[in-house]
Amino acid sequence: MAADTTKKYQLQVQEYKDTLIKEAEDLIIRGFPEKIVKLNEILATPEFANRNFADVYQELNIPVPDAIPVNSYGDAKEDPPPTKKARMETTVSGTKVMALPSGSVHCNAPICDLIKIVKPVIRGLVEDSNVLKMWISFLIPKIEDGNNFGVSIQEDTLSEIQTVESESAAFFEQISRYFISRAKVISKVAKYPHVEDYRRAVQELDEKEYLSLWLVMCEVRNRYCSLHDIVTKNLEKLKKPRSSNAESLY
C-alpha cells in the first residue's frame, strides 16, 4: 500500500513537471510575443502615450478655513478673544478620528484607474517568470564532471529570470508606498490647511506616480523582451545542456 501511494505521488509530480514544461514552452513561443504586442498597444493609448500631468490633478476636499484674528480685541474683560472652534471628533472602536467639514478625501481617481491596468500586468510578469524559472530548474541535469558549458548557460539564464521576478514583485511595493505617502501629506493638509506647500506636495506626488506607472509598464514590456530574447537565443543549450557525443580532441 505504501509503495502504491509513493508511486502515485511520483506520477502526480511528474505530471506537474510535464504540464509546467509545456506551459513554459508555450509562453516562449506564443505567450511572450503576444504580451509584448499587447503592452505596446496599451502604452500607445492616450492614458499612457500623452502623459499630460494636468489629467491627474484632483482637487482636495479640504477647504481653507477663515483666518482667526489675533490681538484685534480690546479689553480682555469687556471684549474677550474669540474662543477656538471646538474640534469635531468622533469615536470609532476606541480611536478618536477628526471629522473633516466637507467629508472624506478620496483617492486620486485617474491614478487608481491606471493602477487597475498596471497591477494585472505586473502580476502576469511575476507568474510567467516563476513558470520560466521552474522550467529551467527541471532542465538542469545532474551534477557531473566536464561538459558543463550548457549548464552554466542554464544557471546564468536562471539568475536573470530570478532577478526579473524579484524586480517585478517590487513594483507592487512601489504602488503601496504611493498611497501611504499621499495619506501622510493629506493629513498634513488637514492639520495645516492654510499651508499651500502641502497641497502642492500632494499634486507633485500624484504627478510622480503617474510617470512611475508609465515607467513600470515600459519596464514590464522590456523585461518580457529581454526574457524572450535570452531564452530564444539559448533555447538549444537550455533544453540540451550536454551534448550526447563526446567532441573530437584532434
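Along each chain, residue indices are assigned from 1 in the same order as the chain's sequence is written. Note on the predicted model: pLDDT of at least 70 is required for a residue's local features to be given, and 80 or more for side-chain atom pairs to be given and counted; whole-chain, interface and lining totals, by contrast, use all residues. Processing note: side-chain calculations cover all non-hydrogen atoms of the structure and skip hydrogens and water entirely.

**What to know about the packing of aromatic side chains**
The description of two aromatic rings rests on the distance between their centres and on the angle between their planes. Each Phe, Tyr or Trp ring (for Trp, its six-membered ring) is paired with any other whose centre lies within 6.5 Å, and the angle between the two planes then decides the class: stacked below 30 degrees, edge-to-face above 60, tilted in between. Enumeration over the complete set of coordinates arrives at 5 aromatic pairs. For the pair Tyr 16 and Phe 138, a centre-to-centre distance of 6.2 Å together with 85° between the ring planes defines the contact as edge-to-face. Of this pair, Tyr 16 sits in helix α1 (residues 2-43) while Phe 138 sits in helix α3 (residues 109-139), placing them 122 residues apart in sequence. Under the scheme applied here, a residue whose accessible area is under 20% of the maximum for its type counts as buried, over 50% as exposed, and between as partly exposed, the area being computed with a 1.4 Å probe on protein chains only. The class for Phe 138 is partly exposed, based on a relative accessible area of 26%. Between the aromatic rings of Phe 53 and Tyr 210, the centroid separation amounts to 6.3 Å while the plane-to-plane angle is 70°, which identifies the pairing as edge-to-face. Residue Phe 53 is located in the loop between α2 (46-49) and β1 (89-92), and its partner Tyr 210 is located in helix α5 (residues 196-233); the two are separated by 157 residues in the primary sequence. For Tyr 210, a relative accessible area of 5% corresponds to the buried category. Helix numbering and strand numbering both begin at the N terminus, where a helix is a DSSP run of H or I of at least 4 residues and a strand a DSSP run of E of at least 2.

**Let's talk about the environment of Ala 190**
Structurally, Ala 190 can be placed in helix α4 (residues 149-191). The spatial distance from the C-alpha of Ala 190 to the C-alpha of Leu 60 is 9.8 Å, given a sequence separation of 130 residues. Look past the residues within four positions of Ala 190 in its chain and what remains in contact with it is Ile 62 and Leu 100. Contacts are residue-level and defined by heavy atoms, with any inter-residue pair within 4.5 Å sufficient.

**Details of the nonpolar core**
One broad rule of soluble globular proteins: the nonpolar side chains tend to lie buried together. Nine residue types can take part in a nonpolar core, namely buried Ala, Val, Leu, Ile, Met, Phe, Trp, Tyr and Cys, and a core is a set of them joined through side-chain atoms within 4.5 Å. Within the largest apolar cluster, 41 residues are counted, with the highest numbers of intra-cluster contacts made by Leu 132, Trp 135, Met 217 and Val 220. Counting only elements with at least two residues in this core, the list comes to α1, α3, α4 and α5. Counting residues per element, this core draws most heavily on α3, at 12 residues. Beyond its immediate chain neighbours, meaning those up to four positions away, Leu 132 contacts Ala 24, Ile 28, Phe 32, Ile 161, Leu 227 and Val 231. Leu 60, Ile 62, Ile 186 and Val 189 belong to the second largest nonpolar core, which has 6 residues in total.

**Quick look at the pattern of salt bridges**
Salt-bridge detection follows one rule: a side-chain nitrogen of Lys or Arg within 4 Å of a carboxyl oxygen of Asp or Glu. The final tally for this structure, using the stated rule, is 12 salt bridges. Among the ionic pairs, Arg 223 bridges to Glu 167, the shortest N-O distance being 2.6 Å. Of this pair, Arg 223 sits in helix α5 while Glu 167 sits in helix α4; the two residues are 56 residues apart in sequence, bridging distant segments of the chain. By relative accessible area, which is 33% here, Glu 167 ends up partly exposed. With its nearest N and O atoms 2.8 Å apart, the salt bridge here joins Arg 182 to Asp 206. Of this pair, Arg 182 sits in helix α4 while Asp 206 is found in helix α5, placing the two residues 24 residues apart along the sequence. Given the relative accessible area of 5%, Arg 182 is considered buried. Connected via shared salt-bridge partners are Asp 26, Arg 30 and Glu 34.

**Some details on the state of the cysteines**
The bond known as a disulfide is covalent and runs between the sulfur atoms of two cysteines. Cysteine sulfur atoms that pair up within 2.5 Å are treated as a disulfide. Evaluation of the coordinates by the stated rule reveals 0 disulfides. Cys 107 takes part in no disulfide bond, and the closest cysteine sulfur, belonging to Cys 112, lies 4.6 Å away. With relative accessibility at 44%, the residue Cys 107 sits in the partly exposed group.

**Section: the packing of α4 against α5**
Only C-alpha atoms enter the line fits that serve as axes; for helices the fit covers just the stretch in contact. Angles between N-to-C directions range over 0 to 180 degrees. Two numbers describe how α4 lies on α5: the axes approach to 10 Å, and their chain directions differ by 170°. The angle between α4 and α5 places the two elements in the roughly antiparallel class. Here the residues of the contact of α4 with α5 sort into 18 nonpolar, 4 polar and 9 charged. When an angle is under 35 degrees it counts as roughly parallel; over 145 it counts as roughly antiparallel; between 65 and 115 it counts as roughly perpendicular; any other value is oblique. Each residue is assigned to one of three groups, with Ala, Val, Leu, Ile, Met, Phe, Trp, Tyr, Cys and Pro labelled nonpolar, Asp, Glu, Lys and Arg labelled charged, and all others, Gly among them, labelled polar.

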